[in-house]
Amino acid sequence: MFRLSQRCGLFTKTLQRLAISRLSSSSSVTDAPEQEEQVAGQASTKLPPRLPLAKNFFVGLVDNELLAYPEVINRDDMARLNNELLPLKNFFSEDFDYQAAGKTYTLPKDLPENLKALGVYGLNVSTDYDGKGWGYSASLMASEPESEATDVALSLLGHRAIVDVIQELGTDEQKSRYLTKLVNGSLVASEAIFEFEGSEEDYFNTKAHHENQAWILNGTKSFVLSPPKTSDAAHLFLVVAQTNKANVQSEAARSTTIFLVDSTMPGVKIGERQQTLGCRASAINEVHFDNVRIPESCVLGHAHEGNVVADALLKSSRLRNAMVGLGLSKSILNEISLECIEKKMCGVVLKDLESVQSHLARSCLSIYSMESMIYLTAGLLDEFNFPDIALESAITKYYTLKEMLNISTRCLDMIGPKSLVSGQATEHFYRNASYLYSQGESIDNLSIYIALSGLQHAGTIMGDNIRKQRNPLFNPGHIFSKLMERTSLDNPVTKMDLKENLHPTLEPGALCLEHSVARLQMCVDLLFTRYGNGIVERHNESRRVAEMVTTIYAMFASLSRASRSYCIGLQLADHEMLTAMAICADGRDKVLTIAREIFYGQYVNNDNNLQRLSRQIVKSKGYFATHPLTYNF
């Protein structure tokens, strides 16, 4: 698993390099991206692009207009969508026994045929290729029924993400060759990205070289999740391989290329099934590529530009991964709620215990935030042309998986040893939550990606001011003006007026959001002044910044959603308002605590002590303290 984490880190770092080069080459990152050549399949009715939302939190800016929660599906389309989803909901609630699948570690044999009949494989495929043609919001909503069956949802996640990428970046030939088959289930798609063992020097052990107008692929991929498929169906693997640029020397020659590899090609072999901690009913295999000859037409995007495709792939994959986490979190909360209503402890019903009430309420806050962030991000993708939401999708996955694991561990607090007895629903949930949390890219790498993406954006805007602050003797006027500012960490002065775009009842929550954004901007300014470009090596500070912006995005999405619900009179909208206010109150305190840690510095916030201890642990090759009962005389 350590090697897998390394590969995840390298894959994430390549995306960071792409983002940094893109931002540094742009004339002004405060300008909305200009409309480039229209991507095939992109809806022409979408609105022009806007400034990035989460990235601008780093410079103290908030797009007030986006506080109007996106409504990308109109009333009539929503009614038709709900009708089309009824068979899907009925199947997973009545005909599919997920508990039995969890006990036997196998999915029903007739599941692929049922999924095919329900049109599950083609939810997000364009109608030009016989798919449903649903956008991100509709397809995510359609995946809610299956998300309660974690193994099924996780297996289909890669299939849909690959469909999204082919539609966005694939050639016309690739679309006509693959999409219709991906809709009818005769071809199922899987991501083949991660490796169990990795090279110390290269990006991947899986490599490809160009030979006679074709690519020769060799290597092994692990943790390849296969969607449910019929016996006569083939696999389509999206493979990330290391390639070398021709006529380029040293490390600059290394690059990545992404291939679409059909399992029927000679040299492709699906290995033994891999057993994991959770999601044991899912088919997880190794896939071996032995001198597989791949035509140039099977390169997705352009050769040696795998990062561009990976950016689009992760945008979709992270968002759909968050939906799987949301479905599992809801299942856990529903199960625990019933347990607390029906069970007693010392003559007291569990639901009446104050500690249990706090656990249930905090789980509800987390789930509300997850759901709000997922559909806000999906709405931005559906509503605007070429939105810059790479950071939002990463934040959504990061927040969802962390909170999902927290919710699953609350079972241990409330129920005790019984919760992990084999066969119990809570034990099954905990296993699946643990696997989802660690599957794919590591949470640590994701948090660093979030922080560095936002800091890179902020650095291009704040560069001139930072240079002045790092050279105070040459810029006394600027330093004096900074000293005369009235704002402070405890009492930030803001002029965002977010309350003007929300229901008046949410004014205290809007003020919490304003103060949190201002504190994030002050922390970014301080970190750049203190470390300069060296901030990229300060991973503890990066994690703090990632936690701050994630909390702020959760507050933003929750306020926006609650305001819409109350204004249009949805059922229990008053409790949604209460939920959003509680999220903002908790978020304000969390952001302030983290901001103080950053301002205090490493000699006060304990970072320096931890670094010294880690050096001794490495020197001693493990735990170094002698036994507490040892004599020294």
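Right, let's walk through the structure included here.

## Description of the overall build of the protein chain
Summing up its helical and strand segments, the protein chain has 19 helices and 9 strands in all. What you see for the protein chain is a C-alpha radius of gyration of 25 Å, in line with the 26 Å of a compact globule of 633 residues. On the principal axes, the C-alpha backbone points of the protein chain span a range of 75 × 75 × 70 Å. For the protein chain, buried positions account for 53% of its 633 residues.

## Some details on helix H11 (residues 354–383)
With 30 residues, H11 extends 43 Å between its outermost C-alpha atoms, agreeing within 8% with the 44 Å of an ideal straight helix rising 1.5 Å per residue. Of all 30 residues making up H11, 21 are buried, and the element is well covered by its neighbours.

## Describing the nonpolar core
The biggest cluster of nonpolar side chains holds 133 residues, and the ones touching the most others in it are Phe 57, Phe 96, Val 152, Ile 450 and Phe 556. Counting 45 residues, the second-largest nonpolar core is a separate cluster that includes Val 183, Leu 187, Phe 194 and Met 265.

## Let's talk about the pattern of salt bridges
For the structure on display, the rule yields 30 salt bridges. Across the salt bridge formed by Arg 544 and Glu 597, the nearest N and O atoms sit 2.9 Å from each other. Within this pair, whereas Arg 544 is found in helix H17 (residues 539–568), its partner Glu 597 is found in helix H18 (residues 573–600), the two being separated by 53 residues in sequence. Using a relative accessible area of 30% as the deciding quantity, one classes Glu 597 as partly exposed. Sharing partners across several salt bridges, the network here consists of Lys 330, Glu 371, Arg 561 and Glu 576.

## Quick notes on empty space enclosed by the protein
Considering all chains together, one arrives at 5 cavities of 30 Å³ or more under this definition. Each pocket or cavity is described by its volume, and for the largest cavity that value is around 260 Å³. As for the largest cavity, its lining consists of 18 residues, and the residues nearest its centre are Glu 191, Phe 194, Ser 317, Gln 439 and Gly 440. Quantified by volume, the second largest cavity comes out at close to 100 Å³.

## Some details on helix H16 (residues 507–531)
For H16, spanning 25 residues, the distance from its first C-alpha to its last is 36 Å, which sits close to the expected 36 Å at 1.5 Å a residue. Of all 25 residues making up H16, 18 are buried, and the element is well covered by its neighbours.

## Structural notes on the packing of aromatic side chains
Tallied over the entire structure, the rule returns 8 aromatic pairs. Here a set of aromatic residues connected by ring pairs shows up, and it is made of Phe 91, Phe 92 and Phe 96. The ring of Tyr 203 carries Arg 254 above its face, with NZ or CZ at 4.8 Å from the centroid. The ring of Tyr 449 has Arg 318 lying over it, and the distance from NZ or CZ to the ring centre is 4.8 Å.

## Focus: the environment of Asn 471
By the element assignment, Asn 471 lies in the loop between helix H14 (443–469) and helix H15 (476–483). A C-alpha to C-alpha distance of 28 Å links Asn 471 and Ser 516, two positions 45 residues apart in sequence.

## Overview of the pairing of strand E4 (residues 234–244)
Among the 11 residues that make up E4, 10 are buried, leaving the element largely enclosed by the rest of the structure. Bridge count between strand E1 (residues 187–192) and E4: 6 bridges; the pairing is parallel. Counted as the bridge partner of Ser 190 is Phe 237 from E4.

## Focus on the environment of Tyr 437
As for its placement among the helices and strands, Tyr 437 is situated in helix H13 (residues 425–438). Judged by relative accessible area, Tyr 437 falls into the partly exposed class, the value being 25%. Spatially, the C-alpha atom of Tyr 437 lies 11 Å from that of Ser 408, the residues being 29 residues apart in sequence. When sequence neighbours within four positions are dropped, the list of residues in contact with Tyr 437 reads Leu 401, Lys 402, Met 404, Leu 405 and Ile 443.

## Looking at the side chain of Gln 274
You can see Gln 274 is positioned in the loop between strand E6 (268–273) and strand E7 (283–295). On the basis of relative accessibility, which here comes to 17%, the residue Gln 274 falls in the buried class. Only 2.9 Å separates the side chain of Gln 274 from the backbone nitrogen of Phe 223, close enough to count as a polar contact. In this structure Gln 274 touches Ser 222, Phe 223, Ile 284, Asn 285 and Glu 286, once residues within four positions along its chain are discounted.

About the criteria used
Residues numbered from 1 in each chain as written. Predicted model: local features only at pLDDT ≥ 70, side-chain atom pairs only at ≥ 80, totals over all residues. Heavy atoms only, no water. Helix = DSSP H or I, 4+ residues; strand = E, 2+ residues; numbered from the N terminus. Rg over C-alpha atoms; globule rule 2.2 N^0.38 Å. Buried < 20%, exposed > 50% of the residue type's maximum accessible area, 1.4 Å probe, protein only. Expected span 1.5 Å × (residues − 1). Core = buried A, V, L, I, M, F, W, Y, C linked by side-chain atoms within 4.5 Å. Salt bridge = Lys/Arg side-chain N within 4 Å of Asp/Glu carboxyl O. 1 Å grid on protein atoms, 1.4 Å probe; cavity = no way out; pocket = protein on both sides within 12 Å on 5 of 7 lines; lining within 4 Å. Points joined across faces, edges and corners; volume = space filled by probe spheres on them. Phe/Tyr/Trp six-rings, centres within 6.5 Å; stacked < 30°, edge-to-face > 60°. Lys NZ or Arg CZ within 6 Å of the ring centre and 35° of its normal. Pairing = 2+ DSSP bridges. Contact = heavy atoms within 4.5 Å. Polar contact = N/O pair within 3.5 Å; in protein donor to acceptor, adjacent residues only side chain to side chain.

Interpretation in functional terms is not warranted from these geometric data alone.
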